[in-house]
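Summary of structural features
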Amino acid sequence: MTTPALLPLSGRRIPTLSPGASSFPHHRATLRLSEKFILLLILSAFITLCFGAFFFLPDNSKHKRFDLGLEDVLIPHIEAPKGAKHPGGQVVIHGQGGHDEHRHREDEESLRHKIRADHERALQEAKEKLKKSRDELRAEIQTEKSKVVQELRKKDGPKPLPPVPMPKVVGVNDGDPGDPEVKEKRDKIREMMKHAWDSYRQYGWGHNELKPLAKKGHSTNIFGNSQMGATIVDALDSLYMMGLHDEFKDGQEWIEQNLDFGVNAEVSVFEVNIRFIGGLLAAYYLSGQEVFKVKAVQLAEKLLPAFNTPTGIPWAMVNLKSGVGRNWGWASAGSSILAEFGTLHMEFVHLTYLTGNPAYYQKVMHIRKLLAKMDRPNGLYPNYLNPRTGRWGQHHTSVGGLGDSFYEYLLKAWLMSDKTDTEARKTYDDAIEAIERHLIRKSNGGLTFIGEWKNGHLERKMGHLTCFAGGMFALGADGSPDDKAGHYLQLGAEIAHTCHESYDRTVLKLGPEAFKFDSGLEAVAVRQNEKYYILRPEVIETYWYMWRFTHDPKYRQWGWEAAQAIDKYCRVSGGFSGVKDVYSSNPTYDDVQQSFFLAETLKYLYLLFSSDDLMPLESWVFNTEAHPLPVLHMANLTLPGSQAQR
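Bear in mind that the values here come from a model prediction, so they are computed numbers and not experimental data.

Broken down by element type, the protein carries 19 helices and 21 strands. In the protein, which comprises 646 residues, the proportion classed as buried is 52%. The contacts in the protein between residues at least 6 apart in sequence include a share of 66% that link residues at least 24 apart. Of the accessible surface of the protein, which amounts to about 30,000 Å², a share of 53% is contributed by carbon and sulfur atoms.

It is worth spelling out the nonpolar core at this point. Membership of the largest hydrophobic core comes to 158 residues, with the highest contact counts inside it found for Phe276, Phe473 and Ile566. Counting six residues, the second largest nonpolar core, distinct from the first, contains Met317, Trp328, Ala331 and Ile337.

Here is the key point about a regular strand: its side chains alternate between the two faces of the sheet. Where strand E16 (residues 514-518) and strand E17 (residues 521-524) come together, three bridges link them in antiparallel fashion. By the bridge assignment, Phe517 is partnered in E17 with Glu522. Taking the residues between adjacent antiparallel strands as the criterion, E16 and E17 are bridged by two residues, where Ser519 takes a positive phi near 55°.

Next up on the list: the layout of surface pockets. One water molecule sets the probe size; rolling that probe over the atoms shows where empty space is left. In this model, the largest pocket occupies a volume close to 1,200 Å³. Contributing to the lining of the largest pocket are 48 residues, with Gly401, Leu402, Leu465, Glu513 and Arg536 lying nearest its centre. Of all elements in the fold, only helix H8 (269-287), helix H10 (338-341), helix H13 (404-416), strand E13 (452-454), strand E15 (461-463), helix H17 (538-550) and helix H19 (595-608) reach the threshold of two or more residues within the lining of the largest pocket. If you tally residues by element for the lining of the largest pocket, the top one is H8, at four residues. Of the residues assigned to the lining of the largest pocket, the class counts are 17 nonpolar, 14 polar and 17 charged.

Now for the confidence of the model for the protein. Confidence in the prediction of the protein, expressed as mean pLDDT, is 86, and 80% of residues score 70 or more. Low confidence marks residues 1-33, where pLDDT is under 50. Its contacts with residues over four positions away, or in another chain, come to 41 contacts. The model gives residues 58-95 a pLDDT under 50, and that stretch makes 49 contacts with residues more than four places away or in other chains.

On to the state of the cysteines, then. Under the criterion given, the structure shown has one disulfide. Two residues, Cys467 and Cys499, share a disulfide whose sulfurs are 2.0 Å apart. Between Cys467 and Cys499 the disulfide shows an S-S torsion of about -95°. By sign, it is left-handed. Within this pair, whereas Cys467 is found in the loop between E15 and helix H15 (469-475), its partner Cys499 is found in helix H16 (residues 485-504), the two being separated by 32 residues in sequence. Judged on exposure class, the residue Cys467 and its partner Cys499 are both buried.

Once that is clear, we can look at the packing of aromatic side chains. Within a pair of aromatic rings, the relevant descriptors are the distance that separates the centres and the angle that separates the planes. This model, assessed by the stated rule, comprises 26 aromatic pairs. Pairing Phe348 with Tyr360 gives two aromatic rings, centres 5.6 Å apart and planes at 85°, and the pair type is edge-to-face. Linking Phe348 in helix H11 (residues 345-355) with Tyr360 in helix H12 (residues 359-373), this pair joins segments that are twelve residues apart in sequence. Both residues of the pair, Phe348 and Tyr360, count as buried. Taking 6.4 Å as the distance between ring centres and 70° as the angle between the ring planes, the aromatic pair formed by Tyr381 and Tyr407 counts as edge-to-face. Here Tyr407 lies in helix H13 and Tyr381 lies in the loop between H12 and strand E9 (384-385), a separation of 26 residues in the sequence. Residue class for Tyr381 comes out buried when judged on its relative accessible area of 5%. For Tyr407, a relative accessible area of 1% corresponds to the buried category. Three or more aromatic residues joined by ring pairs form one cluster here, namely Tyr381, Trp392, Phe406 and Tyr407. Over the aromatic face of Trp205 sits the side chain of Arg201, whose NZ or CZ is 4.0 Å from the ring centroid. If you follow Arg425 out to its NZ or CZ, it ends over the ring of Trp414, 4.6 Å from the centre.

Looking now at the pairing of E16. Most of E16 sits out of view: four of its five residues are buried. Strand direction decides the pairing type here: E15 and E16, joined by three bridges, are antiparallel. By the bridge assignment for E16, Met462 is matched with Phe515.

Parameters at a glance
- Residues numbered from 1 in each chain as written.
- Predicted model: local features only at pLDDT ≥ 70, side-chain atom pairs only at ≥ 80, totals over all residues.
- Heavy atoms only, no water.
- Helix = DSSP H or I, 4+ residues; strand = E, 2+ residues; numbered from the N terminus.
- Buried < 20%, exposed > 50% of the residue type's maximum accessible area, 1.4 Å probe, protein only.
- Contact = heavy atoms within 4.5 Å.
- Areas by Shrake-Rupley, 256 points an atom, 1.4 Å probe, with all protein chains shown as cover.
- Core = buried A, V, L, I, M, F, W, Y, C linked by side-chain atoms within 4.5 Å.
- Pairing = 2+ DSSP bridges.
- 1 Å grid on protein atoms, 1.4 Å probe; cavity = no way out; pocket = protein on both sides within 12 Å on 5 of 7 lines; lining within 4 Å.
- Points joined across faces, edges and corners; volume = space filled by probe spheres on them.
- Nonpolar A, V, L, I, M, F, W, Y, C, P; charged D, E, K, R; others polar.
- pLDDT = per-residue confidence, 0-100.
- Disulfide = S-S within 2.5 Å.
- Phe/Tyr/Trp six-rings, centres within 6.5 Å; stacked < 30°, edge-to-face > 60°.
- Lys NZ or Arg CZ within 6 Å of the ring centre and 35° of its normal.

Have a look at this one:
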């Protein structure tokens, strides 16, 4: 429905008939007269048209104007005359033509009389309107517009989601470790979370992230130019687990009132999926509050246009308003990135489960099937795939940035399906076997590391992001082929040790972004632009998984060292900031409190100092942003759009 054009006048907005009426009078009295004159002109034209239609159209029985049955539509409360067509198209046959003709004229006269009365009433109402002041008219127009908007929202609003059984939710709070010393450490982590949240609440509320030194909001290009409250959504489940329920409620209220996905913003499909959809789904499963599920589904619908490519491999970015997608300019001739299009499965399976809409499940299964058909150099998955041609980009393989969470989600798809998605498990096992053969090496000093494959050459460098793999190997040990569970648990422990060394060999006892294993240097950053620490979680994530599977006390000790270093060197009065050089005793800050610091780093630390009955791994699978999603017992469930599970 269109609304009257609006013309600014002295800081106010008033209705006018022409948006371009530059000669519109500005004098107040003239303005009121002009409004009344134009309105009367329209009314009189309308009345003349209506009267003309009834009085000047031919009026003889040959035309049978009322035999069209339109009176049933125009004036439903008037009974159709005998002989008139009814909406069904049948004609009622009758005799005594003269009597019927007389009755027909009476009906016409009655109809004319009614129309005259209606027009007179409309004219009287118009005169009454013109007696009102401009402010009263404006108020009435605003009221009518509000009614129209409300009606449109009701009409176009989200369809109610089908009722589905809530998966069994266990171990969502408490987790008291029992030991007073461990509990004291856990309380310290909780206090750090409260400082990070309170600072964001005070200085950056509603913005995506926080600049803790400048004490103002911050955003990056992954969220476009929008203020979508990324830190709020990312932190919700951490707040809930830590028992910070007042803070959780504040976040929920902001989401209910302000989180809007109809914005003209180009966002990263991957980042919005793992942070927003993952965060909202986790908050829903933990708290049972429907608003989180509804918002997750609203956002997911905005991401679906990203899959409109020749291959079905999604674009890296999509405009939430227009649905137009594109890829990062720097990514191998317009390619999509393995870790991005390969890190949708967990969230999309849950979306199909909760909505009954098979599209989400079908999109991610299509990606899996397409990859299964492709040749893989040395059994490895390159990081780049062109969504137009379906061909690999440059042959660069990494278990760190650009590749990492693709492998993680293969394993977690199997775990989340209650270990029934054996296709995912087989794909994971094959990929890990190729990674072991080509990428995993031991340094001269005995440190196990995962390098990067670039055009047939192994680069002996490991990123902080790659350190998550220690936890992944431990998580996937049970169920490994050929009784290799012990081997993969040991491999996880070796990666954890290497990553701890990368922390321990710095001045701040915080790990660099990347570190090398050559020229006599091991687990140390060489380039200046790789010496920063931006509050990343991957090393602590691996400590937590290794603690859960081994209960070796060194993992809690290493985690506590990292927590103390973060509190000492990254904490400022306005929150927590990354540092630019972990080898400097007097580092400079990057002035960003990342949303993943609250979602992941502090959550994994809190879990590390909690008992195992908080978020038991038999019941929960964490997405790559540390948002827990419940295991779906697929043996008792067939997802819409899927074939019966094996």
